Amino acid sequence: MAAEMKAEASDAKKRRYDRQLRLWGEHGQRAMEECSICLLNGSATGTETLKNLVLPGIGAFTVVDGATVSERDLGNNFFLDESCLGKPRAQCVTEMLKELNEFVMGSYIAEDISEVLAARPEFLHAFTLVIATQMEPAELKSVAAICAARKLPMLVVHTYGFLGYLRLDLGEHQVVETHPDHPFPDIRILHPPATLRTYVDTHYSSLDALDSKAFAHTPWAVLLIKAVDAWKAANGGALPTAYQAKKEVKALVEGLRRPSVQNDANLSEALAAINTALNVPVPSGSVAKLLSSARAKLSALVADQRLSSLANPSAEDAGGALNARKSVLAFWLMAAAVERFVGAEGGGLLPMIGTIPDMTAETETYVALQQIYAAQSASDVAAVQSHAREIAAVEGVPADLVDLEELKRFCKNAHAVTLVSYGSLAAEWGAADAGASSSAADAPAPPEGLGAALERALSNDFYKATADGAALYVLLRAAMRFRAERSRWPGAIADAAEDVTQLRMCVAEAAREMGLPPLASGATSPVSEELVAEFCRWGGAEIHAVAAVMGGVASQEVIKAATHQYLPLNNTFIFNGRNGTTATLEL
């Protein structure tokens with residue numbers, strides 16, 4: 001009976017998540033369901049973000065918010081109604097969000113995060129990711145410092161008038177499945193495996209001997225292998241990798257045409273594939289760098305974990321945090337195994353992907369080719385698996401740390417595996433105890449490179465949206481400084497004329513704190529007078545339309561982080577609602 005109920009629940013999930021399973025697969029969905037998210041503040045921005053994560057089925061969420069529902073909330077938060085007035089906002093939004101998906105667990109704490117952390121400093125350790133929305137500057141710095149020390153992924157989302165701000169800090173984020181727009185062709189025309197070489201030599205020893213029907217159904221991969229063989233024979237065995245060499249191979253393929261064959265689609269396919277199929281599947285520069293550093297990285301992670309266990313022998317981690325650490329170890333173990341394969345069995349080449357595109361061919365021939373490529377891929381994976389077990393034994397990590405299906409995915413995507421290193425959010429926003437009224441003498445030193453990155457963005461004449469986005473970022477930092485000093489946002493009073501002057505001073509102070517040098521244009525301020533006045537007019541309002549946009553963008557980045565699929569933003573995203581443009585800044 002229990003087994004039947006479990007099967008029914010599984011089927012119900014598959015029906016519910018059918019379309020998204022086609023995007024990130026069942027393994028991606030499992031990663032989502034292992035994700036435990038802490039949302040700081042159930043604001044309009046926070047609930048819009050969480051809504052887009054509850055619907056696709058994250059495992060669990062906790063809303064931490066000490067505010068009570070006000071009339072202002074009713075005007076911009078669709079997850080609150082009049083019956084919620086005066087009630088804890090965390091409770092109300094949690095109850096509404098849980099109704100969206102019965103498979104997601106939701107809880108709340110009706111306290112400010114500062115109060116929670118004062119009572120339970122380890123509170124955030126149980127989560128796999130933290131989303132901070134509409135945070136006060138001091139609280140944001142404290143949370144960022146904790147997440148940095150714990151290596152806990154964190155997203156900051158803030159809506160301010162027509163400005164949307166998103167900052168990701170995922171530490172060192174590994175992406176196995178990048179899902180490139182153009183799939184990597186791994187046909188091995190220049191380096192056919194032995195089984196493929198034997199098949200071609202046996203069945204296609206002479207193309208001239210084939211009758212018209214057999215020639216018209218010769219797969220384009222075979223045609224290219226034969227053309228490359230002819231080119232190599234005429235060029236001392238060299239490989240045709242240069243542009244001119246590929247043109248010569250193309251001419252050889254053209255020379256195969258037969259006047260008696262009207263429908264020679266296979267020749268057209270061969271000609272179209274020359275530029276992409278005549279590649280050598282060696283690791284690219286970035287992939288080679290990642291693979292070469294994998295063994296040392298794995299050893300360092302194992303050593304660090306052992307030290308942590310010795311320091312806290314009784315500490316128990318929540319499942320999500322433990323799974324996250326296992327995932328990182330598994331990534332570097334697989335990378336180290338692939339690196340060893342490339343240097344041994346691979347002969348400098350990556351493991352074969354094992355799939356082939358459609359080709360004009362007889363069904364029997366196409367199936368035979370499929371089996372050859374699949375068998376070679378399986379052989380490569382087995383070799384990588386053997387290396388992984390040897391490395392795991394030496395490092396003292398469990399032999400079952402990587403399962404076969406996970407290893408197959410890594411080998412299939414090894415050509416595009418990516419490591420994204422994020423700048424520290426805690427360093428960018430300064431120390432947690434840095435006061436708003438810090439003088440030039442006692443202000444914390446700006447993070448290295450922040451001022452230069454902002455200067456480049458502000459001076460970007462080619463793409464104005466980048467310069468506008470950088471200016472809005474500076475203004476947001478200035479506005480947060482203004483709020484820390486006056487306990488309100490600039491412009492949040494009836495007569496905001498004085499606030500414009502004060503905000504302009506905060507802009508200068510924020511620019512100094514961030515290490516922003518004088519602009520090459522000679523401007524005295526990185527932000528125009530018009531934009532400062534406009535920013536004051538917004539008064540810190542959280543507009544629902546902008547919150548919805550930011551919730552959509554932020555939730556996509558959370559899914560990328562949880563599944564380790566698709567390339568996430570690095571690292572700051574600005575939505576400019578004034579003119580409907582966006583900018584990505586690497587700060």
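The coordinates are above.
Just so you know, these numbers come straight off a predicted model, no measurement behind them.

A. Spatial organisation of the sheet that holds strand E2 (residues 60-64). Ordered in space as E3-E2-E1-E4-E5-E6-E9-E10, the 8 strands form an open sheet in which the pairing is mixed. Either end of the sheet is taken by a strand with one partner, and the two such strands are strand E3 (105-109) and strand E10 (581-585). The mean angle between the axes of side-by-side strands here comes to 15°, regardless of whether they run parallel or antiparallel. Bridge count for strand E6 (residues 163-169) against strand E9 (residues 572-576) is 5 bridges, and the pairing is antiparallel. Each residue of the ladder has a partner; that of Leu-166, found in E9, is Phe-573. The strands touched by helix H7 (residues 137-150) are strand E1 (36-40), strand E4 (129-133) and strand E5 (154-160); relative to E5, the strand with the most contacts, the crossing angle is about 160°.

B. Representation of unusual backbone geometry. Following Asn-570, the chain continues into Asn-571 via a peptide bond in cis, with omega recorded as -5°. Along the chain, Asn-571 turns up in the loop between helix H22 (544-563) and E9. The phi dihedral of Asn-41 falls on the positive side, at around 90°, and the residue is not glycine. Within the secondary structure, Asn-41 is located in the loop between E1 and helix H3 (44-54). Positive phi, normally seen in glycine, also occurs at Tyr-566, with a value near 65°.

C. Here's a closer look at empty space enclosed by the protein. Taken as a whole, this structure holds 1 cavity of 30 Å³ or more when the rule is applied. Within this model, the largest cavity holds a volume of roughly 40 Å³. What lines the largest cavity is simply Phe-184, Asp-186, Arg-188, Pro-281, Leu-350, Pro-351, Ile-353, Cys-411, Lys-412, Ala-414 and His-415. Along the lines of polarity and charge, the residues of the lining of the largest cavity split into 7 nonpolar, 1 polar and 3 charged.

D. Structural detail: the packing of H3 against H22. Following both chains from N to C, one finds H3 and H22 inclined at 45°, their axes separated by 7 Å at the closest point. By the angle class used here, H3 and H22 are oblique. Two packed elements cross with a definite hand, and for H3 against H22 that hand is right-handed. In this structure, H3 contributes Ala-44, Thr-45, Glu-48, Thr-49, Asn-52 and Leu-53 to the contact, and H22 contributes His-544, Ala-547, Ala-548, Met-550, Gly-551, Gly-552, Ala-554, Ser-555, Val-558 and Ile-559. Here the contact of H3 with H22 is composed, by residue class, of 8 nonpolar, 7 polar and 1 charged.

E. The side chain of Gln-20, seen in detail. Secondary-structure assignment places Gln-20 in helix H2 (residues 18-33). Once you skip the residues sitting within four places of it in the chain, Gln-20 turns out to touch Gly-25, Gln-29 and Pro-56.

F. Here's a closer look at helix H11 (residues 243-254). Over its 12 residues, H11 runs 17 Å from end to end, which matches the ideal 16 Å to within 8%, given 1.5 Å per residue. Listed in full, the buried residues belonging to H11 are Ala-245, Lys-246, Val-249 and Val-253. Along H11, the residues classed as buried sweep out an arc of 100° about the axis, all on the same side. Against helix H10 (220-234) and helix H12 (265-277) lie the buried residues of H11.

Quick notes on the rules
Residues numbered from 1 in each chain as written. Predicted model: local features only at pLDDT ≥ 70, side-chain atom pairs only at ≥ 80, totals over all residues. Heavy atoms only, no water. Pairing = 2+ DSSP bridges. Helix = DSSP H or I, 4+ residues; strand = E, 2+ residues; numbered from the N terminus. Axes fitted to C-alpha atoms, helices over the stretch in contact; angles between N-to-C directions. Contact = heavy atoms within 4.5 Å. 1 Å grid on protein atoms, 1.4 Å probe; cavity = no way out; pocket = protein on both sides within 12 Å on 5 of 7 lines; lining within 4 Å. Points joined across faces, edges and corners; volume = space filled by probe spheres on them. Nonpolar A, V, L, I, M, F, W, Y, C, P; charged D, E, K, R; others polar. Parallel < 35°, antiparallel > 145°, perpendicular 65-115°, else oblique. Left-handed = near helix turned anticlockwise from the far one by under 90°. Expected span 1.5 Å × (residues − 1). Buried < 20%, exposed > 50% of the residue type's maximum accessible area, 1.4 Å probe, protein only. Arc of directions from axis to C-beta.

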